[in-house]
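Residues per chain, in single letters:
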Amino acid sequence: MHYTPALPDPRQTPVRINLLSDTQTRPTPGMREAIARAEVGDEQIGDDPTVNVLCERVADLLGKQAAVFMPSGTMCNVAATLVHCRPGDEILAHETAHIIAREGGAHAALGGFQITPLSGADGQFSPDTLRNAIHPRSRYQPPQTVVSVEQTANIGGGTIWSKAALDEVVQIARQNGMATHMDGARLLNACVATGISARDMAAGWDSAWIDFSKGLGAPIGGVMAGSSDFIDEVWRWKQRLGGSMRQAGVCAAACVYALDHHVDRLADDHANARALARGLSQIQGIEVQQPETNLVFFKPDGAGVSGDAMVKALRQRGVLLAMMDGRIRACTHLDVSAEMIEETVGLVREIVRGA
């Protein structure tokens, strides 16, 4: 077992269509210009003006008192739980949530926290499931401290938590003395798809963050928001985790540019995802989950091709995607055009015919 990523194999066909993830986006020319022009300072002592502007804008966007720039979304999640919880505390989250499935056990390793997985269709637990998971407080059971949701639900298919469900989860948490945390990696995808503002979507949540390195197209970073006291404590963990930076305005400038230019265009990614799902569903035997945002999950097994074989065959043709949770996941983003979607559907059809 090796943990270091393998270097690209120069013998492989060059990638022409990258549907692996919206993290694969490259900075646009305009974003690169913004990075080059960035006014910078020392973020660690609070005098990087571009970082400060970014944090002020995200705090306002999410309707919170303050915000902090972090190197990654994982660090946002980890720092949030380290502030909300104490060793031995219990966090409630969906069984496929990023904090359980994709963060290397960081919450247990660094904080000594127990995450209890909640079941539910499409990456979401119901309010009733949450109610049933809450136990009486006693010395025999861990204190239940935080309820966490992922907006959108990645492994659930990029599904959108409804505003009504989010509000009910907040109400249940408050009634039981629990804090609420929103992993908002693709929160703005949900906002663009529903027309609900980020401020309304995050209302009532004690902590929430948005990722700039996914659909928003920046090369790095997430910004987490909450009360001034909460963000003050996050800063302590940001320092401990090595997340305090220096001339971070170079990175923050890309995020500010993304807020100005890349939010509304997320609708294009959603349209491309729907086109991909529509084309795949017209191929006999392929099972497709209809997308709500920019993620398309499908299984080609019914067409006589395993998921692994399909991923390999597409890679040989210059199309990159991957298996996730037993299905193929295709992710649309600003580097994927409508023409690329059409070509991908044609290649899948060709592979199925040759099976």
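Check the entry above for the structure.
Residues numbered from 1 in each chain as written. Predicted model: local features only at pLDDT ≥ 70, side-chain atom pairs only at ≥ 80, totals over all residues. Heavy atoms only, no water.

A. View of the pattern of salt bridges. For the coordinates displayed, the defined rule picks out 15 salt bridges. For Asp60, the salt bridge is made with Arg199, and the minimal N-O distance between the two is 3.1 Å. With a gap of 139 residues between them, Asp60 in helix α2 (residues 49-62) and Arg199 in helix α9 (residues 198-201) connect regions that are remote in the sequence. A residue is classified by how much of its surface remains accessible, and Arg199, at 41% relative accessible area, is partly exposed. When the shortest N-O distance is used, the salt bridge between Arg236 and Glu233 registers 2.9 Å. Within this pair, Arg236 and its partner Glu233 are both found in helix α10 (residues 228-240), separated by three residues, close to a single helical turn. With a relative accessible area of 43%, Arg236 lands in the partly exposed category. Counted as one network, the salt bridges with shared partners bring together Asp128, Arg131 and Glu168. (Salt bridge = Lys/Arg side-chain N within 4 Å of Asp/Glu carboxyl O. Helix = DSSP H or I, 4+ residues; strand = E, 2+ residues; numbered from the N terminus. Buried < 20%, exposed > 50% of the residue type's maximum accessible area, 1.4 Å probe, protein only.)

B. Summary view of the sheet that holds strand β4 (residues 114-118). Judged by pairing direction, the sheet is mixed, and its seven strands sit side by side in the order β2-β8-β7-β6-β5-β3-β4 without closing on themselves. Only two strands of the sheet have a single partner each, and these edge strands are β2 (66-70) and β4. The average angle at which neighbouring strand axes cross in this sheet is 20°, direction not considered. Pairing of β2 with strand β8 (residues 222-226), which is carried by five bridges, proceeds in the antiparallel orientation. Bridge assignment links Ala67 to a residue of β8, and that residue is Ala225. (Pairing = 2+ DSSP bridges. Axes fitted to C-alpha atoms, helices over the stretch in contact; angles between N-to-C directions.)

C. Spotlight on the packing of aromatic side chains. A complete count under the given rule lists one aromatic pair for this structure. With a centroid separation of 5.0 Å and 70° between ring planes, the pair formed by Phe125 and Trp161 is classed as edge-to-face. You can see Phe125 sitting in the loop between β4 and α6 (127-133) and its partner Trp161 sitting in the loop between β5 (144-150) and α7 (163-175), a full 36 residues away along the chain. For the residue pair Phe125 and Trp161, the accessibility class agrees, reading buried in each case. For Lys238, the ring lying beneath its charged end belongs to Trp235, and the centroid distance is 4.9 Å. It is Arg240 that lies over the ring of Trp237; its NZ or CZ is 4.5 Å from the centre. (Phe/Tyr/Trp six-rings, centres within 6.5 Å; stacked < 30°, edge-to-face > 60°. Lys NZ or Arg CZ within 6 Å of the ring centre and 35° of its normal.)

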